[in-house]
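Descriptive analysis of the structure
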Amino acid sequence: MDAHEEKIRELERHIDTLEQINEGLRLSFEELSQLYRLSETIASALTFSRVLTLLLDVLREVVDYDAAVLYLFDERANKLVRNLSKSVSFDAPGDLARRFEAQLADGSLLWALKQGRTMVLADSVRGSDAEDSGRSFLMVPILARGKPVGLVHLAVPAGAGSFSQRDLSLLSILANQAGISLENARLYEAVRRDYVDVIQALAGAVDARDHYTREHSNRVSAYAVLIARQLKLDEGFVESVQFGGLLHDIGKIGIPDQILNKPARLTDEEFKVMKSHSSLGAGLLRRVESLSHLVPLVLYHHERFDGRGYPEGLAGKKIPLGARILNVADSFETITSDRVYHKARTLEEGREELRRCAGGQFDPELVDAFEQVFDQVRELRDGHGLGPGPGKGGA
Amino acid sequence: MALPNGELQKALTRFKDLPTLPDVVARVMQIVSNPLTTAEDLNQVISLDQALTFKVLRLANSAYYGFPKEITHITQAVMILGFNTIRNLALSVSVHKMLFADRDKGLFNYRDFWKHCVAVGVCARILSRRIGYKNEENAFTAGLLHDIGKSLLERMDHAGFMGAIEASQQRQIPLWQAEQELLGVDHAAVGGRLAEIWNLPSDLRGAIELQHRPGEDGVPDPLVAAVHAANQLCRELGLGTDGDFGPTLIDPAVEKLLRLDAAARTEIAAEMDLRLKEAEEFLKFSRGA
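What you are looking at is a predicted structure, and each value in this text was computed from that prediction instead of being measured.

Notes on the overall build of chain B
A tally of regular secondary structure across chain B gives 17 helices and zero strands. A compact globule built from 289 residues would reach a C-alpha radius of gyration of about 19 Å, and chain B, at 18 Å, matches this within 12%. Dimensions along the principal axes, computed over C-alpha positions, put chain B at roughly 50 × 45 × 35 Å. For chain B, buried positions account for 57% of its 289 residues. Sequence-distant contacts in chain B: of pairs separated by 6 or more residues, those separated by 24 or more amount to 70%.

Concerning the interface of chain B and chain A
The interface is formed by 22 residues belonging to chain B together with 20 residues belonging to chain A. For chain B, the biggest contributors to the area lost against chain A are Lys69, Met79 and Ile80 of chain B; these three give 31% of the whole. Run the count over chain B and chain A and you get one salt bridge. Between Lys69 of chain B and Asp106 of chain A there is a salt bridge, and its shortest N-O distance comes to 2.8 Å. Linking chain B to chain A there are 14 residue pairs in polar contact (both at pLDDT 80 or more). Put simply, the parts of the chain that give the side of chain B that touches chain A at least two residues each are α2 (23-32), α3 (39-46) and α5 (74-81) of chain B.

A look at the environment of Thr346 of chain A
Residues and elements named next belong to chain A. Note that Thr346 resides in the loop between α12 (321-335) and α13 (347-356). Thr346 sits in the partly exposed class, given a relative accessible area of 43%. C-alpha separation for the pair Thr346 and Ile335, spaced eleven residues apart in sequence, amounts to 8.4 Å.

Structural notes on the pattern of salt bridges
Taken as a whole, this structure holds 46 salt bridges over all chains when the rule is applied. Its salt-bridge partner being Asp368 of chain A, residue Arg355 of chain A comes within 2.8 Å of it at the nearest N-O pair. Of the two residues, Arg355 of chain A is situated in helix α13 and Asp368 of chain A in helix α14 (residues 364-372); the sequence distance between them amounts to 13 residues. A relative accessible area of 34% places Arg355 of chain A in the partly exposed class. Accessibility expressed as a relative area gives 37% for Asp368 of chain A, which makes it partly exposed. Across the salt bridge formed by Glu267 of chain B and Arg130 of chain B, the nearest N and O atoms sit 3.0 Å from each other. Taken together, the residues span a long stretch of sequence, with Glu267 of chain B in helix α16 (residues 262-278) and Arg130 of chain B in helix α7 (residues 110-130) at a distance of 137 residues. Among the residues examined, Glu267 of chain B registers a relative accessible area of 47% and is labelled partly exposed. The partly exposed category is assigned to Arg130 of chain B, whose relative accessible area is 31%. One continuous salt-bridge network, built from bridges that share partners, spans Glu348, Arg351, Arg355, Asp368, Glu371, Asp375 and Arg378 of chain A.

Quick look at the environment of Ser278 of chain A
Residues and elements named next belong to chain A. You can see Ser278 is positioned in helix α10 (residues 277-286). Residue classification places Ser278 among the buried positions, given a relative accessible area of 0%. Distance in space between the C-alpha atoms of Ser278 and Ser49 is 39 Å, their sequence separation being 229 residues. Beyond its immediate sequence surroundings of up to four residues, Ser278 is in contact with Val298, Leu299, His301, Tyr310 and Pro311.

Notes on the sheet that holds strand β5 (residues 147-156) of chain A
All names here are of chain A. One open sheet accounts for five strands, arranged β2-β1-β5-β4-β3; its pairing is antiparallel. A single partner strand is all that each edge strand has here, and the edge strands are β2 (79-86) and β3 (119-122). Strand-to-strand twist of the sheet, defined as the mean angle between neighbouring strand axes without regard to direction, takes the value 25 degrees. As judged from the six bridges shared by strand β1 (residues 67-74) and β5, these two strands associate in the antiparallel manner. Bridging across to β5, Ala67 finds its partner in Ala155. Each of β3, β4 (136-144) and β5 is contacted by helix α5 (residues 165-209), which is oriented at about 40 degrees to β4, the strand it contacts most.

Side note on the packing of helix α13 (residues 202-209) of chain B against helix α14 (residues 222-236) of chain B
Each pair of packed helices can be described by the angle between their axes along with the distance between the axes. All names here are of chain B. One can describe the packing of α13 onto α14 by two numbers: an axis separation of 9 Å at closest approach and a directional angle of 40 degrees. Of the possible angle classes, the one that applies to α13 and α14 is oblique. The handedness of the crossing between α13 and α14 is right-handed. Judged by residue contacts, Asp203, Leu204, Gly206 and Ala207 of α13 engage Leu223, Val224 and Val227 from α14.

A word on unusual backbone geometry
What is expected of a backbone is that most residues other than glycine have negative phi and most peptide bonds are trans. Here Tyr310 of chain A and Pro311 of chain A are connected by a cis peptide whose omega angle stands at 10 degrees. Even without a glycine there, the phi angle at Arg145 of chain A is positive, about 50 degrees. With respect to the helices and strands, the residue Arg145 of chain A is situated in the loop between β4 and β5. Judged by its relative accessible area of 60%, Arg145 of chain A falls in the exposed class. A positive phi is found at Arg259 of chain B, a non-glycine position, where the angle reads about 50 degrees. With respect to the secondary-structure elements, Arg259 of chain B resides in the loop between α15 (252-257) and α16.

What to know about the confidence of the model for chain A
Residue and element names in this part refer to chain A. For chain A, per-residue confidence averages 87 on the pLDDT scale, and residues scoring 70 or more make up 93% of the total. Below pLDDT 50 for its whole length, residues 125-131 participates in twelve contacts with residues either more than four positions away or in separate chains. The model gives residues 387-395 a pLDDT under 50, and that stretch makes 36 contacts with residues more than four places away or in other chains.

Thoughts on the packing of aromatic side chains
All names here are of chain A. One pass over the full model with this rule turns up 17 aromatic pairs over all chains. A centroid spacing of 5.6 Å and a plane angle of 75 degrees characterise the contact between Tyr223 and Phe332, whose relative ring orientation is edge-to-face. Taken together, the residues Tyr223 in helix α6 (residues 216-230) and Phe332 in helix α12 connect sequence positions 109 residues apart. When its relative accessible area of 0% is taken as the criterion, Tyr223 is described as buried. For Phe332, a relative accessible area of 0% gives the class buried. Over the ring of Phe90 we find Arg82; its NZ or CZ atom is 3.8 Å from the centre of that ring.

Analysis parameters
Residues numbered from 1 in each chain as written. Chains lettered and ligands numbered in written order. Predicted model: local features only at pLDDT ≥ 70, side-chain atom pairs only at ≥ 80, totals over all residues. Heavy atoms only, no water. Helix = DSSP H or I, 4+ residues; strand = E, 2+ residues; numbered from the N terminus. Rg over C-alpha atoms; globule rule 2.2 N^0.38 Å. Buried < 20%, exposed > 50% of the residue type's maximum accessible area, 1.4 Å probe, protein only. Contact = heavy atoms within 4.5 Å. Buried area = accessible area lost by both parts, 1.4 Å probe. Salt bridge = Lys/Arg side-chain N within 4 Å of Asp/Glu carboxyl O. Polar contact = N/O pair within 3.5 Å; in protein donor to acceptor, adjacent residues only side chain to side chain. Pairing = 2+ DSSP bridges. Axes fitted to C-alpha atoms, helices over the stretch in contact; angles between N-to-C directions. Parallel < 35°, antiparallel > 145°, perpendicular 65-115°, else oblique. Left-handed = near helix turned anticlockwise from the far one by under 90°. pLDDT = per-residue confidence, 0-100. Phe/Tyr/Trp six-rings, centres within 6.5 Å; stacked < 30°, edge-to-face > 60°. Lys NZ or Arg CZ within 6 Å of the ring centre and 35° of its normal.

Spelled out as structure tokens, the structure:
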């Protein structure tokens with residue numbers, strides 16, 4: 001019986017040990033899950049500025065800071081440049097802001113960045129010893145593949161000695177996750193800029209063939225964006241209207257010179273060729289995957305609300321919204337610019353013409369929207385290099 | 001090259017009373033190995049030893065670390081230089097006091113020997129930084145301590161160790177080879193054993209033990225590689241003396257890992273000049289700072 005009880009006690013000890021191990025594992029699992037969740041949050045950001053904002057949010061879950069400043073590293077000038085701040089203002093620097101500034105000025109931040117390690121400094125402005133002040137400053141370098149990108153500077157309501165190695169490495173891990181995300185965002189934004197540049201270059205290619213339409217594509221794009229914003233369409237849609245506006249006449253690249261630049265009214269036969277530019281343009285864009293979503297806009301930008309347009313004679317809401325918007329913008333731009341076969345009419349006259357044709361050529365709801373942004377249209381024309389110029393086209 | 005474990009044990013029994021690490025330093029290592037301890041925990045242990053505190057702060061403020069303001073407190077030093085660095089400084093200070101304090105005997109000049117150790121530390125750090133090794137501070141310490149086995153051999157069997165140096169010089173063979181022939185054990189093995197008894201972090205122990213056979217298991221460990229190459233480069237550059245008169249050969253696998261071509265060697269030599277000046281404070285503590 002004694003041996004039996006001994007066995008039971010031994011088993012109980014084993015169970016105790018197992019429970020302790022289990023508790024330890026549970027804790028590390030929770031830590032890992034938190035780290036994973038926070039890293040995922042940072043990684044979800046696509047733009048540079050979004051990554052920076054998220055990093056400050058995420059760090060707050062690890063250390064409860066009073067105020068934060070985020071700097072980016074300017075490698076050429078070997079300088080940290082303030083980019084974001086939270087709960088501290090530098091416009092009329094108070095006590096806290098001055099302490100942040102003092103550590104930047106005395107080289108501590110740059111030193112921490114070069115070490116690539118999270119560091120803690122006691123509140124030194126008071127000139128006191130580490131223990132005296134209840135506040136300390138954390139410096140968390142942001143590295144991308146070992147290269148310095150920036151630094152997060154945090155004012156924390158805790159003594160410098162109270163941080164553990166784990167606290168500091170957790171901060172470093174998250175900051176470096178942000179470093180990688182920043183690099184990705186930079187790449188993404190660079191690709192994006194290339195994309196926009198290519199679209200602009202394509203639009204420019206039409207303008208180069210037909211110099212009377214210089215600025216035409218830019219203006220159509222700008223007007224279409226105003227209308228789309230007025231309709232509260234989402235940013236993705238606004239962007240497709242913007243690019244669709246730039247590229248709506250891209251098919252004119254395939255129209256013979258003597259028709260495109262003919263200094264007189266076109267014959268019926270010539271007009272038929274001219275009309276093929278919308279399907280030619282759609283055919284071009286269809287072959288580029290990242291531009292293929294613009295195909296319906298370009299293909300149908302000459303459809304009319306009453307069904308008497310081309311190429312398919314679609315009517316009403318069967319015409320894609322983006323194409324209907326482009327049609328309004330394109331027509332207004334043509335009316336208010338010089339063409340071989342007519343002098344430019346005033347913006348006011350253009351507006352009246354749209355109103356007159358609402359429900360005929362144009363979707364009346366879009367004409368309403370256009371009238372609501374008319375002041376902005378006028379500003380665009382008066383102001384930013386979109387002034388009246390010679391023009392033709394708008395077949 | 002390696003001695004069978006039984007042989008080492010047998011050889012080591014000749015060296016009774018291996019020096020023990022001071023209690024303070026043993027506790028420092030224990031504390032730093034726990035990720036949940038704070039800078040204040042570390043401060044409380046180090047502050048118990050005033051001489052150690054003083055030396056650690058002096059090194060922390062040296063040009064080698066180059067922090068722009070004065071560090072006046074151990075807690076502050078830990079938060080600025082990191083837990084690892086402070087552990088390494090405490091360790092280096094103690095080991096130096098135990099094994100490197102001046103004692104000039106014949107061919108073996110401890111001042112020049114310590115100079116060699118500091119140079120290898122500085123060089124190992126440069127090498128590890130060049131390959132993006134995460135813990136360059138450990139590379140410095142591994143270099144600093146790589147030859148603790150020699151000190152131990154000299155202290156435990158002065159005549160035997162001197163004989164090994166002489167054999168190395170006369171026959172132009174590596175010192176470890178002469179040691180194995182004459183003493184039955186070499187300084188890398190003895191140093192590794194000491195590191196084990198002292199509970200040094202396993203990467204430091206590995207660098208001490210494997211310094212002369214870095215590529216044995218295929219791709220060398222970066223820390224071992226850095227110490228191995230730094231040792232040979234410093235001997236080539238004539239920085240300090242280490243009692244070894246064998247050829248200065250760098251293991252080909254290490255050469256490849258560290259990308260040590262002629263251009264790299266020139267760059268490293270130039271950086272050594274600069275960095276050694278900054279490490280002056282480390283040389284000074286052999287003059288009993």
